[in-house]
Amino acid sequence: MWHQALVDATGSRASPLHSIIYCVNLNSYNQTVFEDNTTNQMQESIQVFAHTIQEFKRNIGHIYLLFTNVRMFAHSLTKESLRTTFKDAHTHCNLVEAL
């Protein structure tokens, strides 16, 4: 039988982690964080993910990157370019190209 537990490992660098599941809201590419209304949510997610991997890189068994709100993201791409956040992105891209 397989058992899985969810544990908040914030601040714990010594204990090995079996897995990290990192969730990213794809539809946040054109939104700002609640706290300061200037920092882009997607860019902050990327920075936090990179920092987390750097901090735990020796103690992680598996890393799972889970993208949420894919349908909303696909719809938003028809209205606002991904270049809003990523200047090197194509001007007009579809969901497959964006991912």
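Cut-offs used in this document
Residues numbered from 1 in each chain as written. Predicted model: local features only at pLDDT ≥ 70, side-chain atom pairs only at ≥ 80, totals over all residues. Heavy atoms only, no water. Phe/Tyr/Trp six-rings, centres within 6.5 Å; stacked < 30°, edge-to-face > 60°. Helix = DSSP H or I, 4+ residues; strand = E, 2+ residues; numbered from the N terminus. Core = buried A, V, L, I, M, F, W, Y, C linked by side-chain atoms within 4.5 Å. Buried < 20%, exposed > 50% of the residue type's maximum accessible area, 1.4 Å probe, protein only. 1 Å grid on protein atoms, 1.4 Å probe; cavity = no way out; pocket = protein on both sides within 12 Å on 5 of 7 lines; lining within 4 Å. Points joined across faces, edges and corners; volume = space filled by probe spheres on them. Nonpolar A, V, L, I, M, F, W, Y, C, P; charged D, E, K, R; others polar.

Our focus in this paragraph is the packing of aromatic side chains. Tallied over the entire structure, the rule returns 2 aromatic pairs. Summarising the aromatic geometry, the rings of Y29 and F73 are spaced 5.5 Å apart at their centres and angled 85° between planes, so their arrangement reads as edge-to-face. You can see Y29 sitting in the loop between β1 (17-25) and α1 (41-56) and its partner F73 sitting in helix α2 (residues 70-77), a full 44 residues away along the chain.

It is worth spelling out the nonpolar core at this point. Residues Y22, V24, L26, Y29, M42, F73, L77, L82, A89 and C93 constitute the largest nonpolar core, which totals 10 residues. Counting residues per element, the ones that place at least two in this core are β1 and α2.

Let's shift gears to the layout of surface pockets. Put simply, the second largest pocket is a space of about 260 Å³. For the second largest pocket, the lining is made up of 13 residues, of which L26, M42, I46, F67 and F86 are closest to its centre. Elements represented by at least two residues in the lining of the second largest pocket include exactly α1 and β2 (60-68). Sorting elements by how many residues they give to the lining of the second largest pocket places α1 first, with 4 residues. Tallied by class, the residues present in the lining of the second largest pocket amount to 12 nonpolar, 1 polar and no charged.

Geometric descriptors of this kind do not, in isolation, establish any biological role.
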